[in-house]
Amino acid sequence: SVVRCQHYPPVRALQASAVLRRVSDEHKKEPFTPSSQQQFDTHPAGHQPEQEPPQGPRPSYTGQGGQESEDYESEEQLQRRILTAALEFVPEHGWTTEAIAEGAKTLGLSVAAAGMFHSDGSELILHFVSECNAKLSELLEKEQKLVQLGEAEKKPTDEFLRDAVEARLRMLIPYIEKWPQALSVLLLPRNIPSGLSLLTSMIDDIWHYAGDQSTDFNWYTRRAVLTGIYNTTELVMLQDSSPDFEDTWRFLENRVADAMNMSSTASQVQSTGEAVVQGLMGAAVTIRNLAGLNQRR
Amino acid sequence: PAGGAAPRPCSTQAAPQGINKPVIDRIIRVDHAGEYGANRIYAGQMAVLGRSSVGPVIQQMWNQEKVHLKKFNELMVAYRVRPTVLLPFWNVAGFVLGAGSALLGKKGAMACTVAVEESISDHYNNQIRTLMEEDPEKYKELLQVIKQFRDDEREHHDIGIEHDAEATPAYSVLKTAIQLGCKAAIFLSERI
């Protein structure tokens, strides 16, 4: 299947010195289980064993370029490992160099490794977003396989969209305190192209798995609507203090329902418009006839 | 919203991994736009000349274009390609071109057909060359489709010539203008 997992490589690639990269010693000992990935292993479907060669870093995304030989790790892969490890420290330190430094420490690297990245945490945030999107794609792919195998019911579109957006937003929960900071960093001009690109491919993924097959302007309308729903729900979530964010999910449900209504309303408006026009035409013809009758007298 | 009782080829076998996505994206997007536009052109021509003697000929060519469009709709879904934003514009512009050329008479309509079909055949030939340079094996199915369609379009072109397209007044001016328009449409649809 075409599973598009976009990853955002860290922008600033200083040549990592030998001090930073004690990789061939360290990664052989280190099992690669970042905390943020644990939440999704409860999903029962798909009994494929996780490929986790203990001696090499595990590429997180399908379609990635080939894995190099076991004891060589590209700079990009190293940076991703550091960022993934850093996520554990974000709730405490925020999206900062401190978190990255702590992450580097857990991998047995020097804290100077954090110097590879921007001080505002841009790469960390983009990496996180990209990881979440990849997880969402995996989740949706698994669900789809279940439906195809007949082991699950196909959901109606509104429920599907709701569940997908909820699943994706729930990934923010461990980091919710610091998420407003992340959003403001994502709005920096430097990060807007990547942030936008990650957002659009996520929304496209959700619609793809929802079964969207539009090949006309609807393609854009649907994605625009869903983007709006996602963004507003995310903002609501940041302000939500209800237990397990139930207010947020209710808001989401209402927005999705609105969107469904909108599309049926649009077609209703059109058919109403057509009916009105026909009514007017009929009235005009009637009046003309009546006037004609008058004249013939 | 989509997703009715029809089977959903979401993770279809027709869309393989390891393809040059940007190139394929462009190809499918512009071809889809082209077939969509061609449909609208013939629709415009039929609106004016539907009841004339060339009506059946135009209708037949239109039917073939409908088949082409259907195929590209399928490919678009299979390869997850975004359609061009300009579709609503091509909708109107195509119809106007078709109707406008038909208002110049039967020969005018045929001249328009000749110009458009020639542009499209050249365009398909370029794409075939690109795909052959990339990897003929990997893109075998797509190549087959494009070759078939190119042959169909050439046939339309020949039909146009048979029906006295070249006898249209100001034929070369008309043809050049239309082909310039086609080039612009192709350029834009590939990108936006």
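Rules used throughout
- Residues numbered from 1 in each chain as written.
- Chains lettered and ligands numbered in written order.
- Predicted model: local features only at pLDDT ≥ 70, side-chain atom pairs only at ≥ 80, totals over all residues.
- Heavy atoms only, no water.
- Helix = DSSP H or I, 4+ residues; strand = E, 2+ residues; numbered from the N terminus.
- Contact = heavy atoms within 4.5 Å.
- Domains from an automatic or database assignment.
- Buried area = accessible area lost by both parts, 1.4 Å probe.
- Buried < 20%, exposed > 50% of the residue type's maximum accessible area, 1.4 Å probe, protein only.
- UniProt positions renumbered as here; feature names shortened; annotations may be inferred.

S.K.: If you had to explain the overall build of chain A to someone new, which residues and values would you point to?
M.R.: In terms of helices and strands, chain A carries 10 helices and zero strands. Listing every helix and strand of chain A by position from the N terminus yields α-α-α-α-α-α-α-α-α-α. A separation threshold of at least 6 residues defines the contact pool for chain A, and within that pool the share at least 24 residues apart is 75%.

S.K.: Go over the domain arrangement of chain A, please, and point to the residues and values.
M.R.: How big an interface is tends to be expressed through the accessible area that disappears when the partners come together. All names here are of chain A. Along its sequence, chain A is carved into domain 1 (75-117) and domain 2 (122-265 + 274-291). Computed from C-alpha coordinates alone, the two centres of domain 1 and domain 2 are separated by 32 Å. If you look at the interface, domain 1 gives 15 residues, while domain 2 gives 12 residues. Both faces considered, domain 1 and domain 2 share a buried interface measuring about 1,200 Å² in area, 74% of it formed by carbon and sulfur atoms. Of all residues in domain 1, the largest losses of buried area upon contact with domain 2 belong to Leu83, Leu87 and Trp95, amounting jointly to 57% of the total for that side.

S.K.: Before we move on, could you go through unusual backbone geometry and cite the residues and values that matter?
M.R.: Across residues other than glycine, the phi torsion is negative in most instances, and most of the peptide bonds are trans. Residues and elements named next belong to chain B. Backbone geometry places aspartate 164, a non-glycine residue, at a positive phi of 65°. Examined against the element boundaries, aspartate 164 turns out to sit in the loop between α5 (140-162) and α6 (171-191). On the basis of relative accessibility, which here comes to 45%, the residue aspartate 164 falls in the partly exposed class. Notably, alanine 170 is not glycine yet its phi reads approximately 60°, a positive angle. Along the chain, the position of alanine 170 falls in the loop between α5 and α6. Note on alanine 170: relative accessible area 53%, which makes it exposed.

S.K.: Help me get a handle on the UniProt feature "domain: COQ9 C-terminal" (unreviewed entry) in chain A, residues and values and all.
M.R.: Per the UniProt record, "domain: COQ9 C-terminal" (unreviewed entry) is found at residues 193-262 of chain A. As annotated, residues 193-262 of chain A comprises 81% helix and 0% strand, and the C-alpha atoms at either end are separated by 30 Å.

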